[in-house]
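A structural walkthrough
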Amino acid sequence: MTLSLTTTRALRFAEVLCDRDDTTLILPGDARRELLLYAMAAANGITGTGWSLDHARDHVSVTLPGLDSPAALALLGAVPLVGPLLVGLALKLRRPAIFLSPAAMRDPVELVGTVQHERGHRGQIARGGLGWCLGYGLLSEVRAGAEAPCYGVSMAHRVRLGGASVDDVERGALASLAAYGADDALVRGIIASNAETLRQGGDPGGVVAETLAELAALEGL
């Protein structure tokens, strides 16, 4: 199916769910997102992994934890290359935040899918705490385990609600995950499993049904 959805309604969906999750929603153009982009670009320039500034500025949505304890900030500051920049950003947040990209805002279906993808990371942060966040920043294996299921969420929305080709979204997910250094057999297996579920007409994890239920509930707000 394809979904008739306006950007206004999709953004309201994002706002309601982020408020429920105690998460700050940060839109393109916000100075806090610019700070994050420069941190990501610095890491890319030194390590060769991740994204260039131009690509990240337009295409990359991100979820970060909120930190307010001295111990947590000290640990974050120890992250190689970009720790001090991330500390400066954390001090401006205080609670977890989802940073949306311009690309996510251009299409309403992409917007709701991106929000659900990033809410997956929000849940990972809630379960794993600062230790998980540091592992994500330092270890490609942790990034792979975190990103693959969330990319499955994005795939499901693009196919089930946007009418995209399963083959196209599968190739796109694998290409994006490779930028994380997350293209090992486990990641490919997770993406392939999601793709096969979509080919069979399924809804991996029931996430699209959840989105449709939330959108229907917005009618009463």
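Given the structure is predicted, the values throughout are model-derived calculations rather than measurements.

1. Overview of the sheet that holds strand β3 (residues 97-99)
Two orientations exist for strands paired in a sheet by backbone hydrogen bonds: parallel and antiparallel. Spatially, β1-β3-β2 is the arrangement adopted by the three strands of the open sheet, whose pairing is mixed. Looking at strand neighbours, the two that pair on one side only are β1 (24-26) and β2 (62-64), the edges of this open sheet. Strand after strand, the sheet turns through a mean of 20° between neighbouring axes, direction not considered. Both β2 and β3 contribute to a ladder of three bridges, which runs antiparallel. The residue bridging Thr63 from the neighbouring strand is Ile98, located in β3. Contacts between helix α7 (residues 108-138) and the sheet are confined to β2 and β3, with β2 contributing the most and set at about 20° to the helix.

2. A closer look at helix α11 (residues 207-218)
Here α11 spans 17 Å end to end across twelve residues, near enough to the 16 Å set by a 1.5 Å rise per residue. Those residues of α11 that fall on the buried side of the exposure criterion are Val207, Val208, Thr211, Glu214, Leu215 and Leu218. End-on view of α11: buried residues confined to an arc of 125°, all on one side of the axis. Residues of α11 that are buried in the fold lie against α1 (7-20), α7 and α8 (140-160).

3. Observations regarding the environment of Ala217
Take Ala217: it is sitting in helix α11. Along the chain, Ala217 and Phe13 lie 204 residues apart, while their C-alpha atoms are 9.5 Å from each other.

4. Some words on the side chain of Asp21
Tracing the sequence through the fold places Asp21 in the loop between α1 and β1. You can call Asp21 buried: its relative accessible area is 19%. Among the polar contacts made by the side chain of Asp21, one reaches the side chain of Arg119 at a distance of 2.7 Å. In this structure Asp21 touches Arg119 and Arg122, once residues within four positions along its chain are discounted.

5. What about the packing of α8 against α11?
Where α8 meets α11, the closest approach of the two axes is 9 Å, and the angle between their N-to-C directions is 65°. Here α8 is positioned roughly perpendicular relative to α11, judged by the angle of their axes. Our pair here, α8 against α11, has a crossing hand that is right-handed. Counting all contacts with α8, which are made through Val153, Ala156, His157 and Arg160, the residues of α11 involved are Val207, Val208 and Thr211. For the contact of α8 with α11, a count of residues per class yields four nonpolar, two polar and one charged.

6. Here we look at the pattern of salt bridges
Summed over all chains, the structure comprises 13 salt bridges. Put simply, Arg199 and Asp167 hold a salt bridge, and the shortest N to O gap is 2.7 Å. With Arg199 in helix α10 (residues 185-199) and Asp167 in helix α9 (residues 166-178), the pair connects residues that are 32 residues apart, well separated along the chain. Where salt bridges share partners, they join Asp167, Glu170, Glu196 and Arg199 into one cluster.

Conventions we followed
- Residues numbered from 1 in each chain as written.
- Predicted model: local features only at pLDDT ≥ 70, side-chain atom pairs only at ≥ 80, totals over all residues.
- Heavy atoms only, no water.
- Pairing = 2+ DSSP bridges.
- Helix = DSSP H or I, 4+ residues; strand = E, 2+ residues; numbered from the N terminus.
- Axes fitted to C-alpha atoms, helices over the stretch in contact; angles between N-to-C directions.
- Contact = heavy atoms within 4.5 Å.
- Expected span 1.5 Å × (residues − 1).
- Buried < 20%, exposed > 50% of the residue type's maximum accessible area, 1.4 Å probe, protein only.
- Arc of directions from axis to C-beta.
- Polar contact = N/O pair within 3.5 Å; in protein donor to acceptor, adjacent residues only side chain to side chain.
- Parallel < 35°, antiparallel > 145°, perpendicular 65-115°, else oblique.
- Left-handed = near helix turned anticlockwise from the far one by under 90°.
- Nonpolar A, V, L, I, M, F, W, Y, C, P; charged D, E, K, R; others polar.
- Salt bridge = Lys/Arg side-chain N within 4 Å of Asp/Glu carboxyl O.

Geometric values such as these leave the question of function open.
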